There are 2 protein chains.
Amino acid sequence: MRVSELSARSGVAIPTIKYYLREGLLHQGEQIAATRAEYDETHLRRLRLIRALLEVGKLPVAAIKQVIAAVDDETLPMHEMLGTAHYALGPTVEPEPGEDWQAARAEVDRLIEDLGWAIHPEAPTRDELAQTLVRMRQLGVPIDLRPYVEAAQRLVCEVEMNKVPFNGPRDAAVEALVLGSVLYGKAFDALRRMAQESESARRLR
Amino acid sequence: MRVSELSARSGVAIPTIKYYLREGLLHQGEQIAATRAEYDETHLRRLRLIRALLEVGKLPVAAIKQVIAAVDDETLPMHEMLGTAHYALGPTVEPEPGEDWQAARAEVDRLIEDLGWAIHPEAPTRDELAQTLVRMRQLGVPIDLRPYVEAAQRLVCEVEMNKVPFNGPRDAAVEALVLGSVLYGKAFDALRRMAQESESARRLR
């Protein structure tokens, strides 16, 4: 298809497509004449992935480039490739100096070991959870993560990961992971606040 | 106690305390001499609440003022008072024109009715969830909210709302609601991404 059709079918404006081509986010089409290139389904799939990372994942272009590089690096196994998108979606947390941080981080590491979860030793989620534990402790919020661990495990294993096409094209798997992870996260946030309102009404009225 | 002790015990700097007094976020102390005011536990509790709204809830000062006004309006029942904090914590979502939005919003209203949840007809969480459903539909993400509804209900009823001291001082109840809601939300986010990594490893290795 020509770039005009690629634009129409993807919903991405032609100047934006040209920008992605220049930045290397989108692979070049097949040059069939001096002023005409031909695009195919792989370009459509890539544009869908870029939109998912940009509009739903809210990732900056630099982070999108890293994810795309991982998708394009066929020597990188699927699990590590998904990890680049996955880690990019989370907040960046800097470890803090001091004993509170050390204790919280050790607690997170112990929790992961007790659960038998396969989490990379340097996964940023470890520091992210440690930071939340430090804040909880500082502010006197009681900490019992077990019900949250169980809910996360159930939702991820029984629902979310079943939606990711692990055996399909790499672009499509990353896209499904990003869309599912972010959008179900948003839906859950809203539902949780609704449940709080309803339970508050039930207890107080 | 004097303002210096209030500062030391609350961890809030004196100029900041004076700013809160000027803005009406913190009630005046008892003037016991021309240049000396006396503060008590109610001031400490209020400063804890302001910090929770500011540092954990990330609310702008204008929103904090609204929450504080509701806390101070003793004619406002506890449930409505908690609602001001609760609604302020969520994102602001503008309804979109078009049939997709209407359909999604109707679906949300039906879901709430089916669940028997007590949610205000104009609660912003209704539009928030509708927006996520519209995005899911546009992007072809399959929608099955039931497991998320069940998880939210269980966590809120069996854990979170048990931590809110509904019968204590109004400041303390709002503080507990904000801290619990935001910090457990963050912890759950991290745990969910950890579970995704672990489950991806399990399926792909």
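Residues numbered from 1 in each chain as written. Chains lettered and ligands numbered in written order. Predicted model: local features only at pLDDT ≥ 70, side-chain atom pairs only at ≥ 80, totals over all residues.

(A) Quick peek at the overall build of chain A. Counting its secondary structure elements, chain A contains 9 helices and 2 strands. Taken over C-alpha atoms, the radius of gyration comes to 21 Å for chain A, far larger than the 17 Å a tight globule of 205 residues would show. When its C-alpha atoms are laid out on the principal axes, chain A stretches across 70 × 45 × 30 Å. In chain A, which comprises 205 residues, the proportion classed as buried is 39%. Put simply, 57% of the contacts in chain A that link residues at least 6 apart link residues at least 24 apart. (Helix = DSSP H or I, 4+ residues; strand = E, 2+ residues; numbered from the N terminus. Rg over C-alpha atoms; globule rule 2.2 N^0.38 Å. Buried ≥ 20, exposed ≤ 12 C-beta atoms within 10 Å, placed from the backbone. Contact = placed C-beta atoms within 7 Å.)

(B) Here's a closer look at the interface of chain B and chain A. Each side of the interface is counted separately: chain B has 63 residues, and chain A has 63 residues. Among the secondary structure elements, those contributing two or more residues to the side of chain B that touches chain A are helix H5 (78-89), helix H7 (124-138), helix H8 (146-158) and helix H9 (170-204) of chain B. Broken down by element, the side of chain B that touches chain A gets its largest block of residues, 25 residues, from H9 of chain B. For the side of chain B that touches chain A, the residue count by class is 35 nonpolar, 13 polar and 15 charged. (Nonpolar A, V, L, I, M, F, W, Y, C, P; charged D, E, K, R; others polar.)

(C) Region of the structure containing the pairing of strand S1 (residues 30-33) of chain B. Residue and element names in this part refer to chain B. Judged from the 3 bridges that link them, S1 and strand S2 (residues 36-38) form a sheet pairing that is antiparallel. Residue pairing in the sheet places Gln31 in a bridge with Ala37 of S2. The hairpin turn running from S1 into S2, its antiparallel successor, is 2 residues long. (Pairing = 2+ DSSP bridges.)

(D) Structural detail: the relation of the copies chain B and chain A. The transformation that overlays chain B on chain A combines an axial shift of 0.0 Å with a rotation of 180°, and the residual RMSD is 0.0 Å. Interpreted geometrically, this transformation is the action of a two-fold axis. Minimal C-alpha separation from the rotation axis in chain B is found for Ala151 of chain B, amounting to 3.0 Å. Here 100% of the interface residues in chain B have copies in chain A that are interface residues too; the copies meet face to matching face. (Least-squares fit on C-alpha atoms with pLDDT ≥ 70 in both.)

(E) Quick look at the packing of helix H9 (residues 170-204) of chain A against H8 of chain B. Interhelical geometry of H9 of chain A versus H8 of chain B gives an angle of 45° and a closest axis separation of 8 Å. Taken together, the axes of H9 of chain A and H8 of chain B are oblique relative to one another. Note that H9 of chain A runs across H8 of chain B; the crossing there is right-handed. Where H9 of chain A abuts H8 of chain B, its residues Tyr184, Ala187, Phe188, Leu191, Arg192, Ala195, Gln196 and Glu199 of chain A lie against Tyr148, Val149, Ala152, Gln153, Leu155, Val156 and Cys157 of chain B. The class makeup of the residues in the contact of H9 of chain A with H8 of chain B is 11 nonpolar, 2 polar and 2 charged. (Axes fitted to C-alpha atoms, helices over the stretch in contact; angles between N-to-C directions. Parallel < 35°, antiparallel > 145°, perpendicular 65-115°, else oblique. Left-handed = near helix turned anticlockwise from the far one by under 90°.)

(F) View of the nonpolar core. Tyr148, Val178 and Leu191 of chain A together with Tyr148, Val178 and Leu191 of chain B are the most contacted members of the largest nonpolar core, which has 111 residues in total. Every residue in contact with Tyr148 of chain A, bar those within four places of it in the chain, is listed here: Leu155, Tyr184, Ala187, Phe188 and Leu191 of chain B. (Core = buried A, V, L, I, M, F, W, Y, C linked by C-beta atoms within 7 Å.)

(G) Quick look at the packing of H9 of chain A against H5 of chain B. Close contact between H9 of chain A and H5 of chain B brings their axes to 9 Å; oriented N to C, the two are set at 165°. Taken together, the axes of H9 of chain A and H5 of chain B are roughly antiparallel relative to one another. Considering only the axes of H9 of chain A and H5 of chain B, their crossing is right-handed. Contacts between H9 of chain A and H5 of chain B pair Arg193, Gln196, Glu197, Ser200, Ala201 and Leu204 of chain A from the former with Met78, His79, Leu82, Gly83 and His86 of chain B from the latter.

(H) Just the environment of Met136 of chain B, in detail. In this structure, Met136 of chain B sits in helix H7. Distance from Met136 of chain B to Tyr148 of chain B, taken between C-alpha atoms, is 15 Å for residues 12 residues apart in sequence. Apart from the residues within four sequence positions on either side, Met136 of chain B is in contact with Leu183 of chain A together with Val141 and Ile143 of chain B.

(I) Quick look at H5 of chain B. In a regular helix each residue adds 1.5 Å, so 12 residues correspond to 16 Å; H5 of chain B covers 17 Å between its end C-alpha atoms and thus fits that length. Looking at the buried side of H5 of chain B, the elements it contacts are H9 of chain A together with helix H4 (61-72) and H9 of chain B. (Expected span 1.5 Å × (residues − 1).)

(J) How the structure looks around H9 of chain B. In this model, H9 of chain B (35 residues) spans 51 Å end to end at C-alpha, consistent with the 51 Å of a helix rising 1.5 Å per residue. With 26 of 35 residues buried, H9 of chain B lies mostly within the body of the structure.

(K) Spatial organisation of the confidence of the model for chain A. Residues and elements named next belong to chain A. Averaged over every residue, the pLDDT of chain A is 90; residues scoring 70 or more account for 100%. Per-residue pLDDT, averaged within each element of chain A, yields its smallest value for helix H5 (residues 78-89) (86) and its largest for helix H6 (residues 99-115) (95). Predicted complex metrics record ipTM = 0.88 and pTM = 0.87. (pLDDT = per-residue confidence, 0-100.)

(L) Layout of the environment of Glu150 of chain B. Turning to its location among the elements, Glu150 of chain B is positioned in helix H8. Put simply, Glu150 of chain B and Pro91 of chain B are 59 residues apart on the chain and 22 Å apart in space, counted from C-alpha to C-alpha.

(M) Fine view of the environment of Gly83 of chain B. Residue and element names in this part refer to chain B. You can see Gly83 is positioned in helix H5. Residue classification places Gly83 among the buried positions, given that 20 C-beta atoms sit within 10 Å. Note: C-alpha distance between Gly83 and Gly168 (85 residues apart in sequence) is 17 Å.

(N) Looking closely at unusual backbone geometry. Residue and element names in this part refer to chain A. You will see that Lys58, though not glycine, has its phi angle at about 55°, which is positive. Within the secondary structure, Lys58 sits in the loop between helix H3 (41-56) and helix H4 (61-72). Taking the C-beta count within 10 Å as the criterion, Lys58 has 10 such neighbours and is therefore assigned exposed.

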